Amino acid sequence: MPEGHGISVLSWIMKILVIARKLLLELWREPMLWVLLFVFPIGFIWMYDLAFGQTEGGMGHYFKVLVLNEDQSLPGYEGSLGAKLIDSLAESDLEGQPLFEIWPVGDRRQAEILLRERKAAALLFIPAGFTQAITQFRREGSSPTASPPFDIRLLGDPGMDNFVFVQGYLEGLLQEFVQAEVGWQPTLSISYEFIPGTGTTSDFDYGVPGLIVFGLMLLSASTALILVREETSGTLKRLRLAPIKSGELLAGVLVSQMVLALAIVPATYAAAIALGFQSHGSWLTAVGIGLLVSLSAVGIGLLTACFTRSESAAANLSASLGVMLVLLSDAMYPVPEVPIATLFGRTIQVYDLLPTAHAAEALRKVLMLGESAGEIAFEIGALAVLSLIFFLAGTGLYWKLKG
Amino acid sequence: MPDVVLRTQDLTKRFGDLVAVSDLSLEVYEGEVFGFLGPNGAGKTTSINMICGLIKPDAGSVWLLGQLLQGGDQGLRKNVGVCPQEIVLWERLTCLEQLIFMGQMYGLSASRASASARRLLEVLELTDKAKVQARKLSGGMQRRLNLAMALVHDPQIVVLDEPDAGLDPQSRVRVREYIHSLARVKTVILTTQNMDEAERLADRVGIIDHGKLLVLDTPQALKARLGEGDVLEVELTGEALDAGRLKASLQDQLGRREMQVGIDLQRHLVSVRGLNAISALAPIQAVIRENGMSVGEVRLRQNSLEDVFIHLTGRSMRE
């Protein structure tokens, strides 16, 4: 590289760092922003702990049950009893509302992924000879204390409230089903299996990664606020009078928000740990994910700054947008699933178009399941691409309207 | 002949139907203090914004230091320091922090920017406020800091857009002294509505109104255009003023003396301009009394740029 070019790149980088430092100094002296960026997310984690920190409490509204049906029909019979059991479970109701949402799966590995991601409450195994065993049991008859010769198994995370609820309901329904088929009430043998590495996580643990994303998305408010302030106070004009390009200013803004992201992730993580969050993974990988999320937040902040004229409007609108993105993304609470495509063997839901969905999923896998960066390549890739889209959209529009 | 550091040629800017600046052509010389005078809305700030490259002219060109200024001339703009009319500061940065920041934005190293900032704070008597955030400064101090922000990178040309606006008397004197100290060291372009200030500070003055440059010359030459002599101002007191009758009587009385007579109804003032104007005081007093009024305060002064403006536009700067 020619020496002159090297010096100009260095001076460009220095200028960006000076802008970032100046913005951080201003934010440091803005108490309300500290409340928004640090106290608010940490307070939210505390409230979440109060609400969902106990495993006996919890949501328990959505019982999604995976079913791995290996049963076959017998010659001369129409359909298998395994299929009939699935229909019966799908039709069961509680106060007029469907009790379960049944998702048939093809193999256990696929089911385990869904259970780990808490997309479903339990996996029900219907063994290969289920129809044959029930039929034989009915034909031969037995005493009420006898157990039918089949092994129904239920797999799940015992730390997840939904699994506990599903377990209770399923036992009763299976009992009723078998009783209806054989004509009397046998003693059912259901075996329970837990997903390796689970059993101790609570809904609070499950919610923490989403809350970290929530804290990071509030960076959209600080981004919008500093840009609108530069404009309304006239200092943007002063910067333009100096030989500063729009790109240098926006890069300075991005660097300052990334520095804040570097502080927000450890701060919220530490608060969660102090309140009993059980982390199994690398918080440094989580910080890397946080940096990618900050790109999205800055993008939203830039978009908001294009259309707001006052500091309060900028902060409020961008914070609302950022939080909405978190709430709509399945990061903190389950949202309805609307599949739109399949990519790399994964079903893509509508909320997968939001970077926050992949950020929360990646953080969940890293912090709760101890997965490495390589194991969450899909989530990191999707987060990076979507964050970049948000950032470029914000930068492009800001450049066009205010640059 | 000194070098031309700034030249504008037929500079024009329209905002919808309003022609804010029309065919502005002027030259500013190295080391001079150039006063750009005009009332509110005359087109001064729009002209300055075009000269600094902040807004794009609809027509015409600007040459800075002999080079045509185009949209992305970042390097060329380093030679200009602008003090905007309004106070433009980062409220939560200290005086020193923002001066160093601006210096670095203009490409100075941190140490050079710091040295320059400290020197300016001393000159503008803000040293004891170096570590105070801008929002905690008084209005006058903020104005002085605003001025320092234009100078921290040691530009060749300094544009001061109404630097005395809103200043307390103490700060006004300090700023005036400082601008005076810049003369010959830097080229200063000063826009103001304050004719006295311009007369005191500027080597040459351009008067602009309704977007058009009316005249451009030294203050002495402009005043000389009004003719030799002094201005006698007589304040009127009393009831019912018939301005037309009074003026006719005064002109009749003073006609042979080759004096110009003016009546300012708002200020209740009769002004007479001409050689040995004081000799007209007795006849004026007589005419005033004949018209049923009394004489209040009497002042004798020299021609001013305000008189030049009234002569050119038929109205006062404050109207």
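Residues numbered from 1 in each chain as written. Chains lettered and ligands numbered in written order. Predicted model: local features only at pLDDT ≥ 70, side-chain atom pairs only at ≥ 80, totals over all residues. Heavy atoms only, no water.

(A) Inspection of the environment of alanine 83 of chain A at higher detail. Structurally, alanine 83 of chain A can be placed in helix H3 (residues 81-91). With a relative accessible area of 32%, alanine 83 of chain A lands in the partly exposed category. (Helix = DSSP H or I, 4+ residues; strand = E, 2+ residues; numbered from the N terminus. Buried < 20%, exposed > 50% of the residue type's maximum accessible area, 1.4 Å probe, protein only.)

(B) Here's a closer look at H3 of chain A. All names here are of chain A. Every buried residue of H3 is listed here: Leu81, Gly82, Leu85, Ile86 and Leu89. Across the axial projection of H3, the buried residues extend over an arc of 150°, all falling on one side. On its buried side, H3 packs onto strand S1 (64-69), strand S4 (101-104), strand S5 (122-126), helix H5 (130-140) and helix H6 (161-182). (Arc of directions from axis to C-beta. Contact = heavy atoms within 4.5 Å.)

(C) Region of interest: the interface of chain B and chain A. Between chain B and chain A, the residue contacts involve 26 residues of the former and 23 residues of the latter. Regarding the contact of chain B and chain A, the summed buried area is about 2300 Å², with carbon and sulfur atoms giving 63% of it. Run the count over chain B and chain A and you get two salt bridges. Measuring nitrogen to oxygen at the nearest pair gives 3.5 Å for the salt bridge that ties lysine 237 of chain A to glutamate 86 of chain B. For the interface between chain B and chain A, the tally reads eight residue pairs in polar contact (both at pLDDT 80 or more). Looking at the side of chain B that touches chain A element by element, the count peaks at five residues for helix H3 (residues 95-105) of chain B. (Buried area = accessible area lost by both parts, 1.4 Å probe. Salt bridge = Lys/Arg side-chain N within 4 Å of Asp/Glu carboxyl O. Polar contact = N/O pair within 3.5 Å; in protein donor to acceptor, adjacent residues only side chain to side chain.)

(D) Spotlight on empty space enclosed by the protein. Residue and element names in this part refer to chain A. In the structure shown here, the tally under the stated rule is seven cavities of 30 Å³ or more. Reported here for the second largest cavity is a volume of approximately 70 Å³. Along its surface, the second largest cavity is lined by Leu236, Leu239, Arg240, Ile244, Lys245, Ser246, Leu249 and Tyr398. Put simply, the parts of the chain that give the lining of the second largest cavity at least two residues each are helix H9 (235-241) and helix H10 (246-274). Ranked by residues supplied to the lining of the second largest cavity, first place goes to H9 with three residues. Partitioning the lining of the second largest cavity into residue classes produces five nonpolar, one polar and two charged. (1 Å grid on protein atoms, 1.4 Å probe; cavity = no way out; pocket = protein on both sides within 12 Å on 5 of 7 lines; lining within 4 Å. Points joined across faces, edges and corners; volume = space filled by probe spheres on them. Nonpolar A, V, L, I, M, F, W, Y, C, P; charged D, E, K, R; others polar.)

(E) How the structure looks around the side chain of lysine 22 of chain A. Turning to its location among the elements, lysine 22 of chain A is positioned in helix H1 (residues 3-28). Leaving out residues up to four positions away in the same chain, lysine 22 of chain A has contacts with Glu230 of chain A together with Trp90, Leu93 and Phe101 of chain B.

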